[in-house]
Amino acid sequence: MKEILVLAEHRRGELRDITFEMLSMANRLAGENDMTVTALFLGHEASDLSDGLKGACDSIVIMDDPKLANCNADPYLVAMELVLKERKPLLTLIGHTAAGMDLAPALATRLSLPLATDCLEVNLVEGRLEVIRQIYGGKINAYLTMKPFEQYLISIRPGSAAAEAEQGKSGATETVPVPSWENLKGRRFLDYLEAELEDIDIAVADILVSIGRGIGKPENIPVAQEFADAIGATLACSRPVADKEWLPKSRQVGTSGKTVNPKIYIALGISGAFQHQAGMKNANTIIAVNKDPRAPIFNVAHYGIVDDLFKVLPLLKEKFTKK
Amino acid sequence: MNIVVCVKQVPEVADADLEINKEGSGIEREDLVMDINEWDNYAVEEAVRIKEALGGTVTVVTLGDEDSEDVLRRALAMGADEAILIDGEGFEASDATGIARGLCQAIRDLSFDLVLTGVQSADDGWGQVGLVLAEFLNLPYASMAVGVEIEGDKAIVLRELESNTQEKVELPLPAVLTVQTGINDPRYVSIMGIRKVRNIEIKETEAQGLGLSEDEIGAKGSSVASRKLSLPPVGEGAEILTGSLGEICEKTAQIIRDKGGVE
Ligand SMILES: Cc1cc2nc3c(=O)[nH]c(=O)nc-3n(C[C@H](O)[C@H](O)[C@H](O)COP(=O)(O)OP(=O)(O)OC[C@H]3O[C@@H](n4cnc5c(N)ncnc54)[C@H](O)[C@@H]3O)c2cc1C
Ligand SMILES: Nc1ncnc2c1ncn2[C@@H]1O[C@H](COP(=O)(O)O)[C@@H](O)[C@H]1O
């Protein structure tokens, strides 16, 4: 039977959600196409972690070596090369995460495998692999049919499926030999660093007023700040605003910033790239103001205002200060 | 330190009304404003800063049509020394591997210590070209750099991970890095600045000149058989508030009061 291989992602002693999301996807595909699902666990002395995969796959392949303790693309590439050459899975899934983005392109090149990155959906249609991904910052969906190959590599956008540890499986564990580590290129993992976040914690705020590149320039920030003050909200932002240091990095919402679950999230001039959505889509109520009716933020917002934020804000603020 | 930076010209789409072409394979680009890919702008700035600190040269390279000379001029105005334009003819419908092949052939014989690319391109968003290139060049790499220190023949790189976490890695040089936004504060480029570099000669080269055959690039060299584009339905999910601006704000204020318990 053909195999779907899922690279288990873990960091600092925890399996990451993307692992179970990919396993959900793989189990669905395997069910539809009569295939088996294998989780590949690269790590060191971490059976408590690899055991956590049992309920979500048919088998677990473990490679254990001190070099694999932390995700480092250099040894990971050599390890995966060995596994993929031995097992020849029809499909290998890797997360489109900081770890997976660092690994998948070089792996595909090394093994001459086709790779489609950042896919939301994967299907096998009459033996042909079809994927859906987004381009132009999420404004266009692209449906790709891959040419026929014996093996495919696909990286999966986080949040594309449910992350469930129990999927009615009981995967058997198998430990495989490590490679001889000849082809390493000398990249060394040194340390993890936690960004220092002085300033305030946006994750505890009930109401967030969040500004994006649409705010235009730092001189405009008081307009948003005054509105936030009027409704007792905290100011947050998308990445470009933090990149330009218009607001401190601690105010950034998204995959590389913070995940927030406020009662109300008001997005002003934010397009809604998936990395931003990942940090705010679970807010109870999302209100988005954007002059582009096709901005992806409207796909996760509950209420939308299609207009210029500089026209909306003064009027909206008045509703709270006049009383 | 000699540094090569790969830069790409992309359409600005955040504010634009995108239209898909008749064939459904691409978007209509005529009315779109073109600019340097945001990530690549940070990469050029990083390269110029390293050069300013340690000496050496910065060479920028792009694969595209004639108009993409603009992004090269822009990079020269920021402080790059040399520029290479690879003619995109034959590369249409290339996947990331095809593009990386072109870039690899154009730079492989240059002498460099560092190759920088952006993390991803704003249009295709593959997030692939930099690492495919690293593998073609048989070099160590690190993606998503938010900090780079050169220490002798090594680079100490801060890689961005999720949730405000970073990892520090060490790489022997030469190496390839993909640069993340926010790593620096890119300098402003004025029209005057671009005028000043108008006499710098841009080296032009094409696919055949790079020794690439037709089936290594373009649609033939791509692992994608076909691509159909569609616009997601407008505002799927969101209730778009309608009426006069005053009415819309009144409704919004009510929502904020109801859902947030705001007075
Ligand atoms: C690895 C990685 C990690 C990332 N992590 C994050 C993250 O944690 N958080 C994050 O936010 N991003 C992150 N990003 C970046 C993300 O991909 C987008 O580039 C970013 O979110 C875009 O920010 P934006 O919406 O503010 O800007 P843009 O995409 O430029 O959108 C600006 C929006 O403002 C609208 N607008 C402009 N003027 C007005 C006006 N006057 N009134 C109303 N609307 C207006 C426009 O229509 C547009 O929709 C990450 C990217 C990568 C590659
Ligand atoms: N046509 C191109 N010319 C030069 N550099 C490119 C080109 N396409 C991609 N790149 C580089 O590769 C990075 C990642 O692109 P991508 O893999 O398309 O997301 C970009 O940020 C650029 O630095």
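Residues numbered from 1 in each chain as written. Chains lettered and ligands numbered in written order. Predicted model: local features only at pLDDT ≥ 70, side-chain atom pairs only at ≥ 80, totals over all residues. Heavy atoms only, no water.

Draft legend 1. Geometry of the domain arrangement of chain A. Residue and element names in this part refer to chain A. Domain boundaries in chain A define domain 1 (3-175) and domain 2 (202-321). Contact between domain 1 and domain 2 buries roughly 490 Å² in total, counting both sides, with carbon and sulfur atoms accounting for 60%. It is Gly-137, Lys-139 and Arg-157 that lose the most area in domain 1 upon contact with domain 2, and together they represent 62% of the buried surface on that side. Seen at the junction of domain 1 and domain 2, the total is one salt bridge. Lys-139 serves as the salt-bridge partner of Asp-292, at 2.6 Å between the closest nitrogen and oxygen. Applying the counting criterion to the domain 1 and domain 2 interface returns one residue pair in polar contact (both at pLDDT 80 or more). Class assignment of the residues belonging to the side of domain 1 that touches domain 2 gives a composition of one nonpolar, four polar and three charged. (Domains from an automatic or database assignment. Buried area = accessible area lost by both parts, 1.4 Å probe. Salt bridge = Lys/Arg side-chain N within 4 Å of Asp/Glu carboxyl O. Polar contact = N/O pair within 3.5 Å; in protein donor to acceptor, adjacent residues only side chain to side chain. Nonpolar A, V, L, I, M, F, W, Y, C, P; charged D, E, K, R; others polar.)

Draft legend 2. Structural detail: the pattern of salt bridges. Residues and elements named next belong to chain A. Summed over all chains, the structure comprises 39 salt bridges over all chains. In this structure, Glu-81 engages Lys-85 in a salt bridge whose closest nitrogen and oxygen atoms are separated by 3.1 Å. Pair noted here: Glu-81 and Lys-85 are both in helix α3 (residues 73-87), with a separation of four residues, about one helical turn. A relative accessible area of 48% means that Lys-85 is categorised as partly exposed. One salt bridge in this structure joins Arg-110 and Glu-81, with 4.0 Å as the shortest N-O distance. Of this pair, Arg-110 sits in helix α5 (residues 104-110) while Glu-81 sits in helix α3, and the two are 29 residues apart along the sequence. No difference in accessibility class separates Arg-110 from Glu-81, as the two residues are buried. (Helix = DSSP H or I, 4+ residues; strand = E, 2+ residues; numbered from the N terminus. Buried < 20%, exposed > 50% of the residue type's maximum accessible area, 1.4 Å probe, protein only.)

Draft legend 3. Broad picture of the site of ligand 1. Not every one of the 32 residues close to ligand 1 is listed here, only the nearest: A:Arg213, A:Ser238, A:Val253, A:Ser256 and A:Ser271. Ligand 1 is flanked by residues contributed from chains A and B. Between ligand 1 and A:Arg239 there is a distance of 3.0 Å, counted from an oxygen atom to a backbone nitrogen or oxygen. In the model, an oxygen atom of ligand 1 is placed 2.8 Å from a nitrogen or oxygen of the A:Gln275 side chain. When the free accessible area of ligand 1 is taken as 990 Å², the share hidden by the protein chains comes to 92%. Residue assignment for the shell around ligand 1 shows that the elements contributing at least two residues are α7 (239-243), α8 (274-280) and α9 (309-321) of chain A. Here the shell around ligand 1 is built from residues that sort into nine nonpolar, 15 polar and eight charged. (Near = heavy atom within 4 Å. Areas by Shrake-Rupley, 256 points an atom, 1.4 Å probe, with all protein chains shown as cover.)

Draft legend 4. Geometry of the packing of helix α6 (residues 221-230) of chain A against α9(A). Residue and element names in this part refer to chain A. Close contact between α6 and α9 brings their axes to 9 Å; oriented N to C, the two are set at 25°. The orientation of α6 with respect to α9, classified from their angle, is roughly parallel. Helix-helix and strand crossings are classified by hand; for α6 and α9 the assignment is left-handed. Judged by residue contacts, Val-223, Ala-224, Glu-226, Phe-227 and Ala-230 of α6 engage Leu-313, Leu-316, Lys-317, Phe-320 and Thr-321 from α9. Residue composition of the contact of α6 with α9, by class: seven nonpolar, one polar and two charged. (Axes fitted to C-alpha atoms, helices over the stretch in contact; angles between N-to-C directions. Parallel < 35°, antiparallel > 145°, perpendicular 65-115°, else oblique. Left-handed = near helix turned anticlockwise from the far one by under 90°. Contact = heavy atoms within 4.5 Å.)

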